[in-house]
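So the chains spell out like this:
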Amino acid sequence: MQKKSQNMAASLSSLTPQISISKFIADHPHLTLLERNCNTMKDLKKLHAHLIKTGLSKDTIAISRVLAFCIKSPAGDINYAYSVFTRIKNQNIFSWNTIIRGFSQSSSPHNAIYLFIDMLVNSPIQPQRLTYPSVFKAYAQLGLAQEGSQLHGRVIKLGLEFDPFIRNTIIYMYANSGFLSDANKIFNEDKTFDVVAWNSMILGLAKSGKIDECRRLFDKMGSRTVVSWNTMISGYVRKGKLMDAFQLFEEMAEKRINPNEFTAVSLLNASAQLGALEQGEWIHRYICKNNFELNAVIVTAIVDMYCKCGAIEKARQVFEISPKRALSCWNSMILGLANNGYEDEAIQLFSELVLLNIEPDDVTFLGVLTACIYLGCVHKARDFFWSMTRTYKIEPSIKHYGCMVEVLGQAGLLTEVEEFITSMPIEPDAIIWGSLLSACRKHGNVEMAKRAAKHARELDMNDSSGYILMANVYAASGQFESSVRQRISMKQHRILKERGCSSIEVGGVVHEFASGGRMYPEVQELIQVL
């Protein structure tokens with residue numbers, strides 16, 4: 001029976017060149033099932049097992065459909081795809097292109113580059129026109145445009161540099177990696193580029209913070225896709241120009257461009273940063289009304305928005321009913337609870353996460369350490385810090401060290417704090433020294449405050465916080481002349497205190513104010529009311 005199956009597979013392979021792929025699939029029910037009814041990896045593995053049992057897995061077309069499902073399906077598995085690929089005896093250009101493309105879109109794009117090199121060196125099948133875009137995308141994902149430029153040189157030698165697909169991905173690689181002059185050089189060579197190339201240039205400018213240039217290019221576009229709008233909106237959000245992001249969204253709506261989940265996430269982030277609850281609620285309703293998939297990214301953005309807007313109960317509701325709670329969602333909820341006066345609940349949620357065998361990351365520990373600051377609980381902070389470094393082998397960042405300085409300083413353990421700072425394996429920043437200064441003010445240790453202020457000024461001579469905090473330390477200890485001298489010294493060095501700003505949402509519109517500002521249109525009316 002086994003021999004008969006193998007003979008059948010061999011005959012099928014010999015027939016493959018003479019018959020169409022669609023007819024071949026239609027003639028084999030299990031391949032038809034794979035194409036039309038396979039929705040999960042569990043389904044795929046059952047069908048794959050049958051193909052192996054019948055010997056059909058040795059046919060190029062049959063196994064290529066298994067490989068394609070693993071790569072293209074949302075339920076696919078890149079590792080299973082690679083396992084399938086390595087077992088294909090006669091790998092063709094389709095199988096090579098499929099596996100390289102799969103890795104270029106995965107969380108390990110470097111494997112796409114390794115496979116491409118393996119293909120060049122060890123395979124009788126050589127790269128073709130459709131191979132190169134995936135490799136350039138892998139270089140783009142890794143931000144390795146300098147290394148990718150060597151592949152660009154190969155493409156030029158092969159005479160493929162004017163292929164639109166290849167050219168677009170070369171521009172994307174340079175732009176996404178911050179090599180804007182190289183991207184612009186190619187982009188300016190031909191004014192007939194399609195919208196994909198324009199989008200790549202806008203993305204590169206937005207990521208590099210050149211938001212005004214980005215907007216000028218956006219306004220020049222002959223046609224725009226939703227990707228163009230999303231890139232521009234997210235660029236504004238990343239740059240902190242949140243009102244511009246909302247205004248562009250209104251323009252998008254006026255032109256009847258339908259937003260997608262990426263638009264929603266950018267606007268939720270903007271609402272979170274502004275504390276614009278009404279705007280955020282409207283976006284949440286829009287997501288539900290338009291049946292957006294509540295994936296981990298969107299759920300996290302909604303939870304984060306409600307937490308940062310102070311609507312902690314609404315954040316909890318979304319978190320509890322969410323079908324997909326990634327670690328990022330847990331982190332947003334823990335941080336939200338910690339920052340909104342629910343410190344014990346934040347620590348309890350951390351315990352639930354651990355009980356579910358979800359491994360916390362650096363952000364998770366930042367959340368529980370923040371809760372410890374507000375609780376003033378030194379022993380719990382020490383336990384979490386120890387667990388993070390020893391149990392989970394997570395390297396603390398400057399923020400984690402800052403939390404420990406804050407909690408120890410609040411408790412008046414100033415000597416321990418100073419020793420902790422000086423023993424840090426990374427250079428303390430001005431915020432760390434500022435935390436020690438604040439603790440010295442609270443507990444009246446002027447001498448230690450002087451040392452902390454000196455360190456803060458050495459880091460940034462133009463930063464006003466060191467002077468102001470030291471002046472406050474002197475004032476709190478009754479040394480008012482020394483306090484005044486600090487402020488005079490600050491003026492003599494022409495160091496300005498950073499102006500404070502605030503915002504308020506009225507009728508779904510966010511109004512921003514700066515300290516001492518008089519340029520807001522309704523400012524005189526507001527002053528009269530006050």
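Since the structure is predicted, the reported quantities are computational estimates derived from the model, not experimental observations.

1. Notes on the overall build of the protein chain
Now for step 1: The number of helices and strands found in the protein chain is 31 helices and 2 strands.
Now for step 2: Burial status across the protein chain gives 46% buried among its 530 residues.
Now for step 3: Long-range contacts, defined here as pairs at least 24 residues apart, represent 57% of the contacts in the protein chain between residues at least 6 apart.
Now for step 4: In the structure as shown, the protein chain presents an accessible area of about 28600 Å², 53% of it carried by carbon and sulfur atoms.

2. So, the packing of helix α14 (residues 211-220) against helix α15 (residues 226-239)
Now for step 1: Contact pair α14 / α15: the axes reach a minimum separation of 10 Å and the direction vectors enclose 160°. Comparing their axes, α15 and α14 come out roughly antiparallel. In terms of crossing hand, the pair formed by α14 and α15 is left-handed. Two secondary-structure elements touch here, α14 through I211, C214, R215 and F218 and α15 through S228, W229, M232, G235, Y236 and K239.

3. Notes on the nonpolar core
Nonpolar side chains in soluble globular proteins generally cluster together in the buried interior.
Now for step 1: Counting 151 residues, the largest nonpolar core has L44, I99, I100, V303, M333 and L436 as the members making the most contacts within it.
Now for step 2: Setting aside residues up to four positions removed in sequence, I99 forms contacts with L67, I71, I78, A81, Y82, F85 and L115.

4. What to know about the packing of aromatic side chains
Given two aromatic rings, one states the distance between the centres and the angle between the planes to describe the pair.
Now for step 1: For the structure shown, the criterion picks out 16 aromatic pairs.
Now for step 2: On the numbers, 5.1 Å between centres and 90° between planes, the contact of F319 with W330 is edge-to-face. With a gap of 11 residues between them, F319 in helix α20 (residues 312-321) and W330 in helix α21 (residues 327-339) connect regions that are remote in the sequence.
Now for step 3: Judged by its relative accessible area of 2%, F319 is buried.
Now for step 4: Note on W330: relative accessible area 2%, which makes it buried.
Now for step 5: When the ring of Y401 is compared with that of F420, the centres are 5.7 Å apart and the planes differ by 55°; the resulting orientation is tilted. One end of the pair, Y401, is in helix α25 (residues 398-410); the other, F420, is in helix α26 (residues 414-422), and 19 residues separate them in sequence. F420 shares its class with Y401; the two are buried.

5. Structural notes on the environment of G412
Now for step 1: As for its placement among the helices and strands, G412 is situated in the loop between α25 and α26.
Now for step 2: Residue classification places G412 among the partly exposed positions, given a relative accessible area of 30%.
Now for step 3: In this structure, the C-alpha to C-alpha distance between G412 and A439, residues 27 residues apart in sequence, is 7.0 Å.

6. Some remarks on the environment of I426
Now for step 1: Relative to the helices and strands, I426 resides in the loop between α26 and α27 (430-443).
Now for step 2: Its relative accessible area of 33% is what places I426 among the partly exposed residues.
Now for step 3: Residues I426 and I398 lie 28 residues apart in sequence; the distance between their C-alpha atoms is 7.5 Å.
Now for step 4: With residues up to four places along the chain from it excluded, the contact list for I426 reads P396, S397, I398 and Y401.

How each quantity is defined
Residues numbered from 1 in each chain as written. Predicted model: local features only at pLDDT ≥ 70, side-chain atom pairs only at ≥ 80, totals over all residues. Heavy atoms only, no water. Helix = DSSP H or I, 4+ residues; strand = E, 2+ residues; numbered from the N terminus. Buried < 20%, exposed > 50% of the residue type's maximum accessible area, 1.4 Å probe, protein only. Contact = heavy atoms within 4.5 Å. Areas by Shrake-Rupley, 256 points an atom, 1.4 Å probe, with all protein chains shown as cover. Axes fitted to C-alpha atoms, helices over the stretch in contact; angles between N-to-C directions. Parallel < 35°, antiparallel > 145°, perpendicular 65-115°, else oblique. Left-handed = near helix turned anticlockwise from the far one by under 90°. Core = buried A, V, L, I, M, F, W, Y, C linked by side-chain atoms within 4.5 Å. Phe/Tyr/Trp six-rings, centres within 6.5 Å; stacked < 30°, edge-to-face > 60°.

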